[in-house]
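What the coordinates show
Here is how the chains run, residue by residue.
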Amino acid sequence: MADTALTAPPRSPLAQVAGRLAAATRTSGGAVRLAELPFLAQLNVRLDAKGTAAEAVGLALDLQLPLQPNTVVRAGELTVLWLGPDEWLLVGPPGSEREVENRIRTAAGDEHVSVTDVSAQRTTLLVAGPRAHDLLAHGCALDLHPRSFGSGRCAQTTLGRTQVIVVARADSRAGFWVLVRSSFAGYLTDWLLDAATEYV
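I will try to describe carefully the structure that is included in this document. Computed from a predicted structure; not experimentally measured.

Running from amino to carboxyl end, helix H2 (residues 52–61) crosses helix H3 (residues 97–108) at an angle of 140°, the nearest separation of the two axes being 8 Å. Here H2 lies oblique to H3, going by the angle between them. The handedness of the crossing between H2 and H3 is right-handed. For the pair formed by H2 and H3, the contact residues are Ala53, Ala56, Val57, Ala60 and Leu61 on the first element and Val100, Arg103, Ile104, Ala107 and Ala108 on the second. Split by residue class, the contact of H2 with H3 holds 9 nonpolar, no polar and 1 charged.

Generally speaking, nonpolar side chains in soluble globular proteins are found buried as a group. Residues Leu135, Leu159, Leu188 and Leu192 are the most contacted members of the largest nonpolar core, which totals 31 residues. Elements that contribute at least two residues to this core include exactly helix H1 (18–27), strand E7 (122–128), helix H4 (132–137), strand E8 (154–159), strand E9 (162–168), strand E10 (176–181) and helix H5 (182–196). Counting residues per element, this core draws most heavily on H5, which supplies 7 residues. Filtering out sequence-adjacent residues up to four positions away, Leu188 remains in contact with Leu125, Leu159, Thr162, Val164, Val178 and Val180. Judged by nonpolar contacts, the second largest core, of 19 residues, contains Leu65, Val100, Ile104 and Val113.

Let us look at the sheet that holds strand E5 (residues 87–92). What the 5 strands build is an open sheet, ordered E3-E4-E5-E2-E6; its pairing is antiparallel. The sheet is open, and its two edges are formed by strand E3 (72–75) and strand E6 (114–117), each paired on a single side. Across the sheet, the mean angle separating the axes of adjacent strands is 20° when strand polarity is ignored. By the bridge criterion, 5 bridges tie strand E4 (residues 78–84) to E5 in an arrangement that is antiparallel. Note on E5: the bridge partner recorded for Trp82 is Trp88. Here H3 sits on the sheet in contact with strand E2 (41–46), E4, E5 and E6, set at roughly 20° to E2.

Conventions adopted
Residues numbered from 1 in each chain as written. Predicted model: local features only at pLDDT ≥ 70, side-chain atom pairs only at ≥ 80, totals over all residues. Heavy atoms only, no water. Axes fitted to C-alpha atoms, helices over the stretch in contact; angles between N-to-C directions. Helix = DSSP H or I, 4+ residues; strand = E, 2+ residues; numbered from the N terminus. Parallel < 35°, antiparallel > 145°, perpendicular 65-115°, else oblique. Left-handed = near helix turned anticlockwise from the far one by under 90°. Contact = heavy atoms within 4.5 Å. Nonpolar A, V, L, I, M, F, W, Y, C, P; charged D, E, K, R; others polar. Core = buried A, V, L, I, M, F, W, Y, C linked by side-chain atoms within 4.5 Å. Buried < 20%, exposed > 50% of the residue type's maximum accessible area, 1.4 Å probe, protein only. Pairing = 2+ DSSP bridges.

Fair warning: the whole summary comes from geometry, so function is off the table for now.
Here is the structure:
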């Protein structure tokens, strides 16, 4: 029987444009930094925020699920985004999805919880540098200035007519994560590179 195991390493949605992102970062003179953060673990979690599962899952992950709209909680290598009253997105290091899912399911026990691995659905773009919020403002209606959208904030919105999740990083100088569906990642990257020519 033929060996059907994958032998080639996985390829990220933006592997072919990594050089263009790096070139835009260099030519901007530090005004913006663009890069893909490929293969981050992403788990969509749904449960009753007022039920016992929420507290148990929080204890298992050593964090409290954010309960305020559009907020973020970070603990160690995990980042948890509030997406709705009973929905969160957990983002962790590449390859951690199975271990985190097992911790959630074990903690929830018999309580109703939905955990879906959506890691392959999106990729993550890093948009950083002193002009990062100006760059994103070209195509996003949200006020992303640190005084309005600082650390601990996230939002589902559109950027360049593309549905994304924008996350303010822990330090305003660290910029933003832009989570975008893999099928739109190439288009959004072209849009960002075009918008970044202002800083060249």
